[in-house]
Each structure stands twice: as C-alpha cells, then as structure tokens.
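Summary of the model geometry
Spelled out, the chains give:
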Protein chains: 2
Amino acid sequence: MTITVYELDGIGDVRFSPFCWRTLLALKHKGFDDFERVPVSFRDRSPIAFSNQERIPVLVDGDHWVNDSWDIACYLEDAYPDRPSLFGGDMARAEARFINAWTQQIQNPGLINIILWDAFMAVGPADRDWWREDREKRFGKIEAYRQGKEEKLGPWRQSLEPLRTTLRAQPYLGGEAPAYADYIVFGTFLFARFVNRYDVIEPADPIRDWCERLLDLFGGYTRSAPILEAG
Amino acid sequence: MTITVYELDGIGDVRFSPFCWRTLLALKHKGFDDFERVPVSFRDRSPIAFSNQERIPVLVDGDHWVNDSWDIACYLEDAYPDRPSLFGGDMARAEARFINAWTQQIQNPGLINIILWDAFMAVGPADRDWWREDREKRFGKIEAYRQGKEEKLGPWRQSLEPLRTTLRAQPYLGGEAPAYADYIVFGTFLFARFVNRYDVIEPADPIRDWCERLLDLFGGYTRSAPILEAG
C-alpha cells in the first residue's frame, strides 16, 4: 500500500505550508517512511481533481483519500492504531482540538500579519498572480506587509505565552514525547523558518529550544528541508 | 479515609475562587462525595498553618496534604487510578497544561479586568481591607473597575474564540465527556457566576451551552451553590 501526499510547492522546492507539514510529520510519527510527496502549484490544482475539492494537503492511501490536516491525522490514527499514537487517547485528541483552534486563531494569523510579504517571496513566479489575488481578498494589499514587521513582533511573541509556559514545564506539548499537538503548533513555526523568518522566535525563548528538538526529529527531516534564500 | 478541602470563603457562603472549584469538581469527578469543605477567610489563613504556606485550596487526604489546584488534580489522578480519570492518559495531561496556561494568561486575567469590582462585593466585610490591599498591589485601585465594564466585554469574548470553536466541534474539552481540562476553564466562568456576572457569557454563545451542561453535572452541584445577591 502506497501513501501519497499532495502538498503545496514554492520557489526552489521550498514548501512552506504549515498544514502540509503537519501531515508530513504525522506520517513520520506513525512510522511511514516511504510515502510519496507530490508538489502541487498554488494556481493549478488539477493533480487533486480526483478529490472534487481544492484544499491541500490531500492524503491518498490506497483507494482512499482524505483532505484537511486535522482529518488526515484522525484518519491515520484510526486506520493505523497499532503504530505510534498521534493523540494518546480520546481525551487527548479532544484537547488537541483546542490547541488546533488556538493555532488557527492566534498563532497563525499573528504570524501571517508579520511574514506575509516574506511568504510572497517564497511563492513560485508562475503562481504569484494567483497568490496575490487570493491573499489580497483576505489580507489587503500585500505591499502593506513590507513595512512595520518589527512592531508586530512583540505582541505576537506575547500571545505565545501559554505555549511558552507549557514548554517551561515539559519538553513537548505531548509531555515527555511529541504528539500531534506539537506538530500542529510547530507547523506554523516551520512556515516562518522556510520563508527565512525563523528569527521571529528569539534565541533565548523556550519555544526556540522546543523547535530545535522538533527539527531534530526523524533524522532531521524538517531541518534538512529547503529554506528560501535570503534577499 | 476522609478528604478535606480548605477553600476561600465569601459573603453569605458565596465561594467564588475558580481554583477551589477546580478542586471540588475534580473530587466529584473522581467519585468522592463525602469530603469535607472547610471555609477559610481571605485575611486569616491559620486553618492551613499546618501546610507552612498560604495558598488555597489545600487538600488533605489522611496524613497527606497538597496545595495548588493543578498539583491536587495530579495527586488525585495518581493516588486513585482506578476511579474515573481526570486526564485520560499522559498526553492528555500534558495537553491540559496548555489549557491551564491559556486560562491563567488569557481567560482569567481578562475576566478579572471586567469583574474585579463585582468580586470585591462578594468578599466578606471583615476581609475587605485585606482583599483591597492585596488586589490593589496587582491591579491598581479597585474603584477604577466600577466603570467601563461593557467596553471590555467584547475583546474578552473575542479572546475566547479557541474555546468556542472547540465546543462547536464537541460537547466538552475532554470530548464526549468532561475532563479536568473542562473544570479548569469552567472554574473561571463559575467565578463570574458566583459574583452574579454570569451575563458575561452571551446566551447564544456555545460556551454558555457548555456551561449549562457542566452546571448540571453531579446532580447540579455547582448550579445549586450560592450566588451573590444582586445590588
């Protein structure tokens, strides 16, 4: 049985989608190593036409497909109960939903507000018109995000305090070992890293230490992934 | 073996401490019904002098005592593993820490900013000088909180969005049934309820429906507790 992940592609093989990284890390956590990664461009989603929807990532497992990173994690957990658990039980899965919602509503939008322009630079040239039009519907003119990044950093870092406090008490959100909840939140920091804005996390921040531990996981799987070149 | 909880007392037997309620609900969840509740005044903590510290709640179980609501929950979970689980496993316990930190840093301070004056009204007359002095060290003049409550409500309700989103997807933070994570967050809404400010949660809010379900738990244990009289 081959598993395939359709994921968003950027310039120079930089893949920065936090949602795709959640899925890739969920697969690694479950012990899958031989899955296939298929890059899909932002503007042309024909490779996932079979799914009759446009959201990425899409995971295909044999004759079954799933989209939405949360649903993919749940699918993997339920379809492969004998492999290492992503959630560690029903209560933990339920609580991970809260962490998922926090990331979605606090961590991720706050970061996008800081690095939207940097993200744009990581989009392939052929996709830029599409990306601009799509993102400007939600965020307004992209050019407005070229300035004022520094002033937004402080409040965003402050908003991460619940995460910081938790990581002062234990090495991972999942406790002594990483859980899917870790990958949810880490995915957003990976987004920053891949568009060359890892500096949004201060070196002395316990969050940074946690990111470093996660970058080492699975033989440095995320650490070795391509980063947008500076400039 | 008798369990005793030392908890903070208010006017007319109104007990509004969110931390004490977490402990009471943890005990009920674990199936304890015959524990003793000992009210302690804010100004005079001599009843817990045996613990050589001043923080409340304190739980005494036989010859063992524990303080700090989180540590008490962990103690109960570990000391009584055969009773209904508060955490549902190590990963869930670890994730509950994040929810604990969120409550501590977002939900609770935001609420205090709105209802500090109402809380002061729920403090017994003999404790008011002590309470004023203690709280004013942290929050400034209490009188400043008599006005402007309405304007603070909107941003605070907005800050609860991760909770709201989670409760749209499932009946409890713990999933299909309540977990200690629910009691952590619910404790703060109980605080509002007992000082007669349950109206901080809008009737149409999914958070309100969830509170109503929790108020019904354990034979309406929290629903039947005394509320500060209006005026």
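The present account deals with the structure reproduced in this document. Residue positions within a chain follow its written sequence, with the count starting from 1. Each chain gets a letter, beginning with A, and each ligand a number, beginning with 1, in the order they are written. Residue-level local features of this predicted model are given only where pLDDT is at least 70; pairs of side-chain atoms are given and counted only at 80 or more, and the full residue set underlies all totals for whole chains, interfaces and linings. Values shown for side chains rest on all heavy atoms present in the structure; no hydrogens or waters enter the calculation.

The helix and strand labels rest on DSSP assignments: H or I over at least four residues marks a helix, E over at least two residues marks a strand, and numbering proceeds from the N terminus. If you tally the helices and strands in chain A, you get eight helices and four strands. Listing the helices and strands of chain A from first to last along the sequence gives β-α-β-β-β-α-α-α-α-α-α-α. Computation of the radius of gyration draws on C-alpha atoms alone. For the globule rule, the value is 2.2 Å times the number of residues to the power 0.38. Radius of gyration (C-alpha) of chain A: 17 Å, near the 17 Å computed for a compact globule of 231 residues. Its C-alpha atoms put chain A at 50 × 45 × 30 Å along the principal axes. Any residue under 20% of the maximum accessible area for its type is buried, any over 50% is exposed, and the rest in between are partly exposed; the area is computed with a 1.4 Å probe on protein chains only. Counting all 231 residues of chain A, 59% fall into the buried class. Contacts between residues were defined by any pair of non-hydrogen atoms, one from each residue, lying within 4.5 Å. Of the contacts made within chain A by residues no fewer than 6 positions apart, 69% connect residues no fewer than 24 positions apart. Surface accessibility follows the Shrake-Rupley procedure with a 1.4 Å probe radius. Residue values consider only the protein chains on display as shielding. Put simply, chain A shows about 9,700 Å² of open surface, and 49% of that area lies on carbon and sulfur atoms. The distance from the centre of the 28 positive side-chain charges to the centre of the 36 negative ones in chain A is 5 Å. His residues and chain termini do not enter the charge count, which takes Lys and Arg as positive and Asp and Glu as negative. By convention, the point assigned to a charge is CZ for Arg, NZ for Lys, CD for Glu and CG for Asp.

What follows covers the relation of the copies chain B and chain A. For the pair of chain copies, the relating transformation is a rotation about an axis with a translation along it. For this overlay, a least-squares fit was computed on C-alpha atoms, restricted to residues scoring pLDDT of at least 70 in both copies. Mapping chain B onto chain A calls for a screw motion: a turn of 180 degrees about the axis and a shift of 0.0 Å along it, with 0.0 Å RMSD after fitting. The transformation relating the two chain copies, once decomposed into turn and shift, fits a two-fold axis. The position closest to the rotation axis in chain B is occupied by the C-alpha of Ala-92 of chain B, lying 2.0 Å away. Same-surface contact between copies: 100% of interface residues of chain B are shared with the interface of chain A.

Okay, the interface of chain B and chain A next. You'll often see interface size given as the accessible area lost when the parts meet. Across the boundary between the two partners, chain B contributes 30 residues, which contact 30 residues of chain A. We define buried area as the total accessible area lost by two parts upon association, computed with a 1.4 Å probe and summed across both. Summing both partners gives a buried area of about 2,400 Å² for chain B against chain A, and 67% of it is carried by carbon and sulfur. The largest contributions to the chain B side of the interface with chain A come from Met-91, Glu-95 and Phe-98 of chain B, which together make up 32% of the buried area. Salt bridge, as applied in this entry: a Lys or Arg side-chain nitrogen positioned within 4 Å of an Asp or Glu carboxyl oxygen. On inspection of chain B and its partner chain A, the count reaches zero salt bridges. Taken together, the elements giving at least two residues each to the side of chain B that touches chain A come down to helix 3 (90-121) and helix 6 (161-169) of chain B. Residues are sorted three ways: Asp, Glu, Lys and Arg are charged, Ala, Val, Leu, Ile, Met, Phe, Trp, Tyr, Cys and Pro are nonpolar, and all the rest, Gly among them, are polar. Its residues assigned to classes, the side of chain B that touches chain A comprises 18 nonpolar, eight polar and four charged.

Take the pairing of strand 1 (residues 3-8) of chain A next. Residues and elements named next belong to chain A. Summarising burial for strand 1: six of the six residues are buried, a large majority. A two-sided burial pattern is seen for strand 1, the buried positions comprising Ile-3, Val-5 and Glu-7 on one face and Thr-4, Tyr-6 and Leu-8 on the other. When DSSP finds two or more bridges between a pair of strands, those strands are recorded as paired. When strand 1 meets strand 3 (residues 58-61), the two strands line up antiparallel, connected through four bridges. For Val-5, the partnering residue across the bridge sits in strand 3 and is Leu-59. For strand 1 and strand 2 (residues 36-40), the ladder comprises five bridges, and the chain directions are parallel. Each residue of the ladder has a partner; that of Leu-8, found in strand 2, is Val-40. As a crossover connection, the stretch from strand 1 through helix 1 (residues 18-29) into strand 2 is right-handed. With its strands directed away from the observer, a crossover is right-handed exactly when the path from the first strand over the helix to the second travels clockwise.

What follows is about the sheet that holds strand 4 (residues 64-67) of chain B. All names here are of chain B. In spatial order, the strands read 2-1-3-4; together these four strands make up an open sheet with mixed pairing. Because the sheet does not close on itself, it has two edges, and the strands there are strand 2 (36-40) and strand 4. Geometrically, the sheet is characterised by an average inter-axis angle of 20 degrees between neighbouring strands, direction not taken into account. Note that strand 3 (residues 58-61) and strand 4 share four bridges and pair antiparallel. The residue bridging Val-60 from the neighbouring strand is Trp-65, located in strand 4. Only the stretch in contact is used when a helix axis is fitted, and all axes are lines through C-alpha atoms; the angle between N-to-C directions ranges over 0 to 180 degrees. Docked against the sheet, helix 1 (residues 18-29) engages strand 1 (3-8), strand 2 and strand 3, running at close to 155 degrees with respect to strand 1. Running over the sheet, helix 2 (residues 69-79) touches strand 3 and strand 4 and is turned about 140 degrees from strand 4.

Following Ile-56 of chain A, the chain continues to Pro-57 of chain A via a peptide bond in cis, the omega torsion being 10 degrees. Its place among the elements puts Pro-57 of chain A in the loop between strand 2 and strand 3. For Asp-13 of chain A, which is not a glycine, the phi torsion comes out positive at approximately 65 degrees. Summarising the element assignment, Asp-13 of chain A is placed in the loop between strand 1 and helix 1. For Asp-13 of chain A, a relative accessible area of 39% puts it in the partly exposed group. Positive phi values are uncommon outside glycine, yet Asn-196 of chain B reaches one of about 65 degrees.

Take the packing of helix 6 of chain B against helix 8 (residues 206-220) of chain B next. Residue and element names in this part refer to chain B. One can describe the packing of helix 6 onto helix 8 by two numbers: an axis separation of 9 Å at closest approach and a directional angle of 65 degrees. Compared by their axis directions, helix 6 and helix 8 come out roughly perpendicular. For the pair helix 6 and helix 8, the sense of crossing is left-handed. Note on element contacts: helix 8 touches helix 6 through Pro-206, Ile-207 and Trp-210, opposite Leu-163, Arg-164, Leu-167 and Arg-168. Taken together, the residues that form the contact of helix 6 with helix 8 break down as five nonpolar, no polar and two charged. Roughly parallel covers angles under 35 degrees, roughly antiparallel covers those over 145, roughly perpendicular covers 65 to 115, and oblique covers all other angles. Crossing handedness is read from the near helix: turned anticlockwise from the far helix by less than a right angle, it gives a left-handed crossing, and turned clockwise, a right-handed one.

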